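This is what each chain is made of:
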2 protein chains.
Amino acid sequence: MALRYPERVASGSNPETPTRRPTLEMVAKEAGVTRSTVSRVINAERDVSAATVELVNQAIERLGYVPNRAARSLASSRSMAVALIVPERAEWFLDDPHLVALMAGASRRLEQSEYVLTLIAGSPDPQGKTMRYLSSGAVDGGLIASHHDQHSYLQTLHRSMPVVFGGRPAAGNEEGSHFVDVDNAAAARLAAEHLLSLGRSRIGMITGPEDMRSVVDRYDGWRAAVAEAGLPVDAVEHADFTGAGAVRATRRLLERAPDLDGLFVANDIMANAAITVLQQSGRAVPADVAVVGFDNSTAATVGPVPLTTIDQPSIDMGWRMADALLRILAGEEVPTGITLPTELVVRDSA
Amino acid sequence: MALRYPERVASGSNPETPTRRPTLEMVAKEAGVTRSTVSRVINAERDVSAATVELVNQAIERLGYVPNRAARSLASSRSMAVALIVPERAEWFLDDPHLVALMAGASRRLEQSEYVLTLIAGSPDPQGKTMRYLSSGAVDGGLIASHHDQHSYLQTLHRSMPVVFGGRPAAGNEEGSHFVDVDNAAAARLAAEHLLSLGRSRIGMITGPEDMRSVVDRYDGWRAAVAEAGLPVDAVEHADFTGAGAVRATRRLLERAPDLDGLFVANDIMANAAITVLQQSGRAVPADVAVVGFDNSTAATVGPVPLTTIDQPSIDMGWRMADALLRILAGEEVPTGITLPTELVVRDSA
DNA sequence: CTGAAAGCGCTTACAG
DNA sequence: CTGAAAGCGCTTACAG
């Protein structure tokens, strides 16, 4: 048998004496108590005398003991891990700072807990590895980011374990699902009204994939505000939240609505791309076309024109998602939906 | 006792009959064989008759059996998980597409394996949760991204489990450490030589944190090329790989070297920020100052000027890191260092 | 090719 | 406040 790493020889030590991780048993012996007692100390249960706690802790220290996660998990049927599920191909991250921010926020919250984060990226095959993993008891709960409506199988997940969605789940599957979201419709209305207040009268929108709830909500909010102002709402193009997609969408839009003077774009990355296309077509931003983005991500300040955009507290959303999940796992009552505020951040583009 | 989730009542089923995950035992009974045999089938060992395999697989199917990870891990002393360790505060991700790309690449490689990815972000306290986690047997190996030299404790990690670094580890600790890297010095030389070939004669550099090996290598490469051309190498400022930091660094640089006509910046994000500052100071890019970035990340095409930059195959690096680790875990011999090629991508900024 | 048995390292009622 | 014992759900030599 090939030597397995955990039993590997520590460098410099006797090759005949493989290092072995200390166990509960060894700590118990060292401290002169039973395994039960050591276990209680480790799990910070009360009802252990201060003297014993001290004794055990010293033994733990002396041996450099760290509890074995697998054994703990097996005995307690809790894994102390949660999954961050991103049902997109992993490269998607590169084009979506919002997703990265969700992850960063969740990670930050989890750091302060005993739980660890398992990253599940890639478009999941409902029958495949991902779903099997999630059913294997490997995680105690899930955080789901950027789900599309067709990923409805993800929504059955909350029957087997607690789950918190980033963004409201698709309509019709909402019972029992927890989520953290912003009011996308209201935020989009804010953006549209800002463009209207600037006197713009031919206002377009570049939106995202139609199967995402947040996308639909942003469109609805934009549309309502523009329609209420008595203006046409036909200057709309769909894109995929990437810069490349937005370049194409903006070109299509300009062909159909060359008189465009205001534009709301569903995220900052796409807004930057749109501005570049507008400039290439000889239009100045914001003089000829005023542009409002969405996210207030790092992209908002590194593009061709500093973006006026909707600030979405993405990091905080991730933090709240993890926080809600931890509370649920701790048995607390948690409100089903948490809606975080957005605000308009005015820079140069509108 | 509060009802635990895994034992929760399936919606619609009899409240008196909590659903319980099927076990190996149950599959064995269902198939009319022993646990040993089922285990062999699951682990795809040979030496099981085709008929038995069929029988067992049907039972697994019928019961919807998924092996319990914790039990498996405990019995086999392998967790089938690897850690991606990012020794930075989690928000760092937001400013570093390279890091995100490493993660995406690693995630993609791991998807095709039986292993899962645990994300460990946050500046690690050597005594703290992270190191305890890594010693708990919870992961079989580690991928370490963006390590600074002072994180030398991470380098002791490879004594207890296989580890692959993204970027060469600090000098003096290299024995036995696997890594995937690009030749940063050669790449930086490429950038400097491009600026020289453009006839630039006052070439500066904005570099990153001095405690990172890749940063030092990039500086060395730039310096060597510029010095060989007989030009001064004093126009250098350090920054922190963020846009905000680069803004300050560029301002400092312009005060000291107002005659700057060429600039090499250690990543694209900072290059975009530098260009903005240059433009604000009345300098045209590339006419007055030619700028070369590093990474060829998504930032390269969304900034104020499309960047001429060094293409670093970040996604591929992540993929290779994971691939190397998987091979090591499979017992294969893997070269200690893997160096990936870079190339100059010429756009508008230089 | 398959089975019986021990064991992985913990937690958890149950006693006392 | 502490111990003895069973059990969590697998894998792994060892026999045959």
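Sequence order sets the numbering: in each chain, residues are counted from 1 along the sequence as written. Written order decides the labels, with chains lettered from A and ligands numbered from 1. Restriction of local features to residues with pLDDT of at least 70 applies here, the model being predicted, together with a cutoff of 80 or more for giving and counting side-chain atom pairs; totals for whole chains, interfaces and linings are based on all residues. To get the side-chain values, all heavy atoms of the structure are used, and hydrogens and water are removed first.

I would appreciate a short explanation of the overall build of chain A in the present structure.
Segments assigned H or I by DSSP are reported as helices when at least four residues long, segments assigned E as strands when at least two residues long, and all are numbered from the N terminus. A tally of regular secondary structure across chain A gives 13 helices and 12 strands. We call a residue buried when its accessible area falls under 20% of the maximum for its residue type, exposed when it is over 50%, and partly exposed in between, using a 1.4 Å probe and counting protein chains only. Scored against the burial criterion, the 350 residues of chain A give a buried share of 54%. Sequence separation of at least 24 residues holds for 69% of the intrachain contacts in chain A that already meet a minimum separation of 6. Each accessible area value is a Shrake-Rupley result obtained with a 1.4 Å probe; residue values ignore everything except the protein chains displayed when judging cover. Split by element, the accessible area of chain A, about 14,700 Å² in all, is 49% carbon and sulfur. The contact criterion used throughout is that any non-hydrogen atoms of two residues lie within 4.5 Å.

Just checking my understanding: could you explain the interface of chain A and chain B for this structure?
Note on interface size: it is often stated as the accessible area lost on association of the parts. Of the residues lining the interface, 58 residues belong to chain A; the matching set on chain B comes to 58 residues. Here the quantity called buried area is the accessible surface, traced with a 1.4 Å probe, that two parts lose on coming together, added over both. Taken together, the two surfaces of chain A and chain B that pack against each other cover about 4,900 Å², and 62% of this comes from carbon and sulfur. Residue assignment for the side of chain A that touches chain B shows that the elements contributing at least two residues are helix H4 (69–76), helix H5 (92–95), helix H6 (97–111), strand S2 (116–121) and helix H7 (129–134) of chain A. Element by element, the count of residues in the side of chain A that touches chain B is highest for H6(A), at 9 residues. By the convention adopted, Pro, Cys, Tyr, Trp, Phe, Met, Ile, Leu, Val and Ala count as nonpolar, Lys, Arg, Asp and Glu as charged, and the other residues, Gly among them, as polar. The residue makeup of the side of chain A that touches chain B, split by class, is 28 nonpolar, 17 polar and 13 charged. The rule for pairing is simple: two strands pair if DSSP sees at least two bridges between them. Where S2(A) meets strand S2 (residues 116–121) of chain B, 3 bridges bridge the pair, whose relative direction is antiparallel. For Thr118(A), the partnering residue across the bridge sits in S2(B) and is Thr118(B).

How should helix H9 (residues 213–228) of chain B be read in this particular structure?
Given 3.6 residues per turn, any residue in an α-helix points the same way as the ones three and four places further on. Residue and element names in this part refer to chain B. If you check H9, its first and last C-alpha atoms are 22 Å apart, about what 16 residues at 1.5 Å a residue would give, namely 22 Å. Of the positions making up H9, those classed as buried are Arg213, Ser214, Val215, Asp217, Arg218, Gly221, Trp222, Ala225 and Val226. At its buried positions, H9 is contacted by helix H8 (184–197), strand S6 (203–207), strand S7 (236–238), strand S8 (262–265) and strand S9 (290–295). Positive phi appears at Gly230, one or two residues downstream of H9, with a value of about 80°. Under the convention used throughout, the expected extent of a helix is 1.5 Å for every residue step, that is, one less than its residue count.

Got a minute to help me understand the protein's contact with DNA strand D in this structure?
Here a residue counts as near a molecule or strand whenever at least one of its heavy atoms sits within 4 Å of it. As a structural note, the neighbourhood of DNA strand D is formed by 27 residues, with Ser36(A), Arg40(A), Thr52(A), Leu24(B) and Ser39(B) the closest of them. Among the atoms of DNA strand D close to the protein, meaning within 4 Å, 59% are from sugar or phosphate groups. Distance and chemistry together define a polar contact, namely a pair of N or O atoms within 3.5 Å, with one atom able to donate a hydrogen and the other to accept it when in protein, and with adjacent residues in sequence counting only for side-chain atoms on both sides. Contacts to DNA strand D include Thr37(A), whose side-chain N or O atom sits 2.7 Å from a phosphate oxygen. Within the side chain of Thr52(A), an N or O atom sits 2.4 Å from a phosphate oxygen of DNA strand D. Those elements that provide at least two residues to the surface near DNA strand D are helix H2 (35–42) and H4 of chain A together with helix H2 (35–42) and helix H4 (69–76) of chain B.

What should I look at first to understand the packing of aromatic side chains in this one?
Aromatic rings considered in pairs are described by the distance between their centres and by the relative angle of their planes. Between the rings of Phe, Tyr and Trp (Trp by its six-membered ring), a pair exists once the centres lie within 6.5 Å; its type follows the angle of the planes, with under 30 degrees stacked, over 60 edge-to-face, and the other angles tilted. Summed over the entire model, instances satisfying the criterion amount to 4 aromatic pairs over all chains. Measuring from centroid to centroid gives 6.3 Å for Phe264(A) and Phe294(A), while their planes differ by 50°, and the two rings are tilted. Here Phe264(A) is found in strand S8 (residues 262–265), whereas its partner Phe294(A) is found in strand S9 (residues 290–295), with 30 residues between them in sequence. Neither Phe264(A) nor Phe294(A) differs from the other in exposure class; each is buried. Placement of a charge over a ring requires the Lys NZ or Arg CZ to be within 6 Å of the ring centre, with the centre-to-atom vector within 35 degrees of the ring normal. Between the NZ or CZ atom of Arg109(B) and the centre of the ring of Trp319(B), over which it lies, the distance is 5.4 Å. One residue, Arg218(B), lies across the ring of Phe294(B), its end atom 3.7 Å from the ring centre.

When you look at the protein's contact with DNA strand C in this model, what are you seeing that I'm missing?
As a matter of local geometry, DNA strand C sits amid 26 residues, with Leu24(A), Ser39(A), Ser36(B), Arg40(B) and Thr52(B) nearest to it. The share of sugar and phosphate among atoms of DNA strand C within 4 Å of the protein is 59%. Within the contact set of DNA strand C, a phosphate oxygen lies 3.1 Å away from a side-chain nitrogen or oxygen of Asn43(A). Measuring from a base nitrogen of DNA strand C, one finds a backbone N or O atom of Ala71(A) at 3.4 Å. Contributions of two or more residues to the surface near DNA strand C are made by H2 and H4 of chain A together with H2 and H4 of chain B. Across the surface near DNA strand C, the residue classes break down as 9 nonpolar, 11 polar and 6 charged.

I'm lost on the relation of the copies chain A and chain B in this one. Help?
Both copies of the chain are related by a screw-like operation: a rotation about an axis and a shift along it. Here the copies are superposed with least squares, the fitted atoms being C-alpha atoms of residues at a pLDDT of at least 70 in both. Here chain A sits on chain B after a turn of 180° about the axis and a move of 0.0 Å along it, with an RMSD of 0.0 Å. Taken together, the rotation and translation relating the two chain copies correspond to the operation of a two-fold axis. Here 100% of the contact residues of chain A are again contact residues in chain B; the copies associate through an equivalent surface.

Please clarify how the confidence of the model for chain A should be interpreted in this entry.
Any region with low pLDDT has predicted coordinates that should not be read closely. Residue and element names in this part refer to chain A. Along the chain, pLDDT gives the predictor's confidence residue by residue, from 0 to 100. When the pLDDT values of chain A are averaged, the result is 86; 88% of them are 70 or greater. Of all helices and strands in chain A, the one with the weakest mean pLDDT is helix H8 (residues 153–156) (68), whereas S8 scores best (98). Across residues 1–18, confidence stays below pLDDT 50; counting only partners more than four residues off in sequence or on other chains, it has 20 contacts.

Sorry if this is basic, but what is going on with the nonpolar core here?
What tends to happen in soluble globular proteins is that the nonpolar side chains get buried as a cluster. We call a set of buried Ala, Val, Leu, Ile, Met, Phe, Trp, Tyr and Cys residues a nonpolar core when their side-chain atoms join them within 4.5 Å. Membership of the largest hydrophobic core comes to 160 residues, with the highest contact counts inside it found for Phe93(A), Trp222(A), Leu263(A), Phe93(B), Trp222(B) and Leu263(B). With near-sequence residues (within four places) excluded, Phe93(B) lies in contact with Val100(A), Met103(A), Val86(B), Leu99(B), Val100(B), Met103(B), Leu119(B) and Ala121(B). Counting residues in each nonpolar core, the second largest holds 32 residues, with Ile85(B), Met131(B), Leu134(B) and Ala138(B) among its members.

I keep staring at the packing of H8(B) against H9(B) and nothing clicks. Help me out?
Geometry of a packed helix pair, given as the angle between the helix axes and the separation of the axes. All names here are of chain B. Where H8 meets H9, the closest approach of the two axes is 7 Å, and the angle between their N-to-C directions is 40°. Where H8 crosses over H9, the two elements pack in a sense that is right-handed. Taken together, the residues of H9 that come into contact with H8 (itself represented by Asn184, Ala185, Ala188, Arg189, Ala192, Glu193 and Leu196) are Ser214, Asp217, Arg218, Gly221, Trp222, Ala224, Ala225, Val226 and Glu228. For the contact of H8 with H9, the class distribution of residues is 8 nonpolar, 3 polar and 5 charged. To obtain an axis, a line is fitted to C-alpha atoms, over the contacting stretch when the element is a helix, and the angle between two such axes runs from 0 to 180 degrees between their N-to-C directions. Handedness of a crossing follows from how the near helix is turned relative to the far one, being left-handed for an anticlockwise turn of less than a right angle and right-handed for a clockwise one.

How should I be thinking about the side chain of Arg283(A) in this particular structure?
All names here are of chain A. Looking at where Arg283 falls in the secondary structure, it is placed in the loop between helix H12 (268–280) and S9. Summary of buried charges: Arg283 has no salt-bridge partner, and the nearest side chain of opposite charge, Asp288, is 6.8 Å away. Engagement of the side chain of Arg283 in a polar contact is seen with the backbone oxygen of Pro258, the distance being 2.9 Å. Setting aside residues up to four positions removed in sequence, Arg283 forms contacts with Leu254, Pro258, Leu278, Asp288 and Val289. Asp and Glu count as negative and Lys and Arg as positive, but His and the ends of the chain are not part of the count. Salt bridges are identified by distance alone: a Lys or Arg side-chain nitrogen within 4 Å of an Asp or Glu carboxyl oxygen.

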